[in-house]
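Next come the chains, spelled out residue by residue.
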Amino acid sequence: MDCRQAGELTPWYVAGSLPEGEARDLVRHVAGCATCQDELVQAARLARELRRAFAGMPGASQGTWAKVAARAQGMPLARVDVGSFLLGLSVGLTATRTGVPVTGRLQILGREVPVFEVGTGGER
Amino acid sequence: MAQDGELVARVAQGDGNAFRELYGRFADRVFRYALTLLRNRHLAEEVVQETMVAVWQGAGSFAGRSQVSSWIFGIARNQAYRLLREEEKGERTANEPTCAPDPADVVEQEDRVRDAVAALPPGEREVVFLAFYEGLSYREIAGLLGIPEGTVKSRMYHAKRRLAEVLSPWTAGRQAS
Ligand SMILES: [Zn+2]
Ligand SMILES: [Zn+2]
């Protein structure tokens, strides 16, 4: 393995998804190559920063579950609006930022429709 | 805790609780993936919707050949590109007059790393997201994107170099002398 090949594998190694055989070959090269050792340290740092950055991105907005749930039940999206009343349809919903736990309660013209009756949630 | 695959099997039986659980596990991840690809919150939100509805409808056809995450991100990817094409052709009609801004939208923090990722070519930032955030292997990503493994590796190679250049004064340690 040369440095170019090692450089291609390093990010996958630090991401934790490099197959075992390739990981072994990479480590063997890196053990004897100062340049690639630096690369590995830099890649590990970058990996950590990237994971932090992606995890810090916003998530789906709170109303999305209600829309998905309603569409899964075959209701037209145009009639779904969180917390408001349109054409006799209301969607009552409490949601956390992650969408778990979510309680969906759907009423059509005053009648409770079984949507997704949810227990306590929080089983993430 | 149920495996993703068990949840999908229950969703295929019409189990709404399993669906909500699956939604909880994937909605934010799909949103972030779509946002990474499209850099458009509004479209990313729609990708989540379309993807999860497709998951509900298609759970019965999920054969368990791939990981659930690969399957769901594959759907999300198709939806993202479809919405993007429609948006570019101006075919999209504003179908949600009730769309109110999420309070979280307003206070999006600046993030140097995220900006650097956003500046990468789309094919590279997608690979970076799937590899580092989702932990997919280059093989899985190649399958998902329908491109050769070598292409995935070289995208990653270039992305990593570019990110290191942009971020090196700040990630510290190594400076070009
Ligand atoms: Zn080397
Ligand atoms: Zn909107």
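Our subject is the structure listed above.
Overview of the structure. Because the structure is predicted, anything quoted here is derived from the model rather than measured. (Residues numbered from 1 in each chain as written. Chains lettered and ligands numbered in written order. Predicted model: local features only at pLDDT ≥ 70, side-chain atom pairs only at ≥ 80, totals over all residues. Heavy atoms only, no water.)

1. Some points on the overall build of chain B
Moving on, step 1. For chain B, the helix and strand inventory stands at nine helices and zero strands.
Moving on, step 2. When the 177 residues of chain B are sorted by exposure, 53% land in the buried category.
Moving on, step 3. Across chain B, the fraction of contacts at a sequence separation of at least 24, relative to all contacts at a separation of at least 6, is 64%.
Moving on, step 4. Of the accessible surface of chain B, which amounts to about 8300 Å², a share of 47% is contributed by carbon and sulfur atoms. (Helix = DSSP H or I, 4+ residues; strand = E, 2+ residues; numbered from the N terminus. Buried < 20%, exposed > 50% of the residue type's maximum accessible area, 1.4 Å probe, protein only. Contact = heavy atoms within 4.5 Å. Areas by Shrake-Rupley, 256 points an atom, 1.4 Å probe, with all protein chains shown as cover.)

2. Quick notes on the coordination of the zinc ion (ligand 1)
All names here are of chain A.
Moving on, step 1. Around the zinc ion (ligand 1), the donor atoms from the protein are Cys3 (SG), His29 (NE2), Cys33 (SG) and Cys36 (SG), and they sit 2.1 to 2.3 Å away.
Moving on, step 2. Note that the zinc ion (ligand 1) binds four donor atoms; their angles at the metal cover 101 to 115 degrees, and the shape is tetrahedral.
Moving on, step 3. When the donor residues of the zinc ion (ligand 1) are listed from N- to C-terminus, their spacing reads C-x25-H-x3-C-x2-C. Of this pair, Cys3 sits in helix H1 (residues 3-15) while Cys33 sits in the loop between helix H2 (20-31) and helix H3 (34-55); the two residues are 30 residues apart in sequence, bridging distant segments of the chain.
Moving on, step 4. Among the residues examined, Cys3 registers a relative accessible area of 38% and is labelled partly exposed. (Donors = N, O, S within 2.8 Å, 3.2 Å for Na, K, Ca; no water. Tetrahedral: all angles 85-135°; square planar, octahedral: opposite > 155°, others 65-115°.)

3. Notes on the environment of Gln79(B)
Residue and element names in this part refer to chain B.
Moving on, step 1. Take Gln79: it is sitting in helix H4 (residues 68-89).
Moving on, step 2. Remark: the alpha-carbon pair of Gln79 and Val47, spanning 32 residues in sequence, is separated by 5.9 Å.
Moving on, step 3. Apart from the residues within four sequence positions on either side, Gln79 is in contact with Val47, Glu50 and Thr51.

4. Considerations on the pattern of salt bridges
Moving on, step 1. Going through the model one piece at a time under the given rule, you end up with 19 salt bridges over all chains.
Moving on, step 2. Two residues, Arg25(B) and Glu21(B), come together in a salt bridge whose shortest N-O distance is 3.1 Å. One end of the pair is Arg25(B) and the other is Glu21(B), both in helix H2 (residues 16-38) and four residues apart, which spans about a single turn. As far as the burial class goes, Arg25(B) and Glu21(B) line up, both buried.
Moving on, step 3. Across the pair Arg77(B) and Glu126(B) runs a salt bridge, and its minimum N-O distance is 2.4 Å. Here Arg77(B) is found in helix H4, whereas its partner Glu126(B) is found in helix H7 (residues 122-133), with 49 residues between them in sequence. The burial state of Arg77(B) is the same as that of Glu126(B); both residues are buried.
Moving on, step 4. Salt bridges sharing common partners tie together Glu49(A), Arg52(A), Asp111(B) and Arg114(B). (Salt bridge = Lys/Arg side-chain N within 4 Å of Asp/Glu carboxyl O.)

5. Some remarks on the packing of aromatic side chains
Any aromatic ring pair is given by two values, namely how distant the centres are and how the planes are angled relative to each other.
Moving on, step 1. Tallying each qualifying case throughout the model produces 11 aromatic pairs over all chains.
Moving on, step 2. Each ring, one from Trp65(A) and one from Tyr23(B), has its centre 4.9 Å from the other, and the planes form 55 degrees; the classification is tilted. In this pair, Trp65(A) sits in helix H4 (residues 64-72) while Tyr23(B) sits in helix H2, so the two residues belong to two different chains.
Moving on, step 3. Judged by relative accessible area, which is 2%, Trp65(A) ranks as buried.
Moving on, step 4. You can call Tyr23(B) buried: its relative accessible area is 2%. (Phe/Tyr/Trp six-rings, centres within 6.5 Å; stacked < 30°, edge-to-face > 60°.)

6. Topic: helix H3 (residues 41-58) of chain B
Structural remark: α-helix, 3.6 residues per turn; residues separated by three or four positions point the same way.
Residues and elements named next belong to chain B.
Moving on, step 1. End to end, H3 covers 25 Å across 18 residues, agreeing with the expected 26 Å (1.5 Å per residue, within 8%).
Moving on, step 2. Buried residues dominate H3, accounting for 15 of its 18 residues.
Moving on, step 3. The opening residue of H3 is Asn40, an N-cap whose side-chain oxygen sits 2.9 Å from the backbone nitrogen of His42. (Expected span 1.5 Å × (residues − 1). Polar contact = N/O pair within 3.5 Å; in protein donor to acceptor, adjacent residues only side chain to side chain.)

7. Some thoughts on H4(A)
Moving on, step 1. Here H4(A) lies mainly inside the structure; eight of its nine residues are buried.
Moving on, step 2. When H4(A) is considered as a whole, its buried residues turn out to be Thr64(A), Trp65(A), Ala66(A), Lys67(A), Val68(A), Ala69(A), Ala70(A) and Ala72(A).

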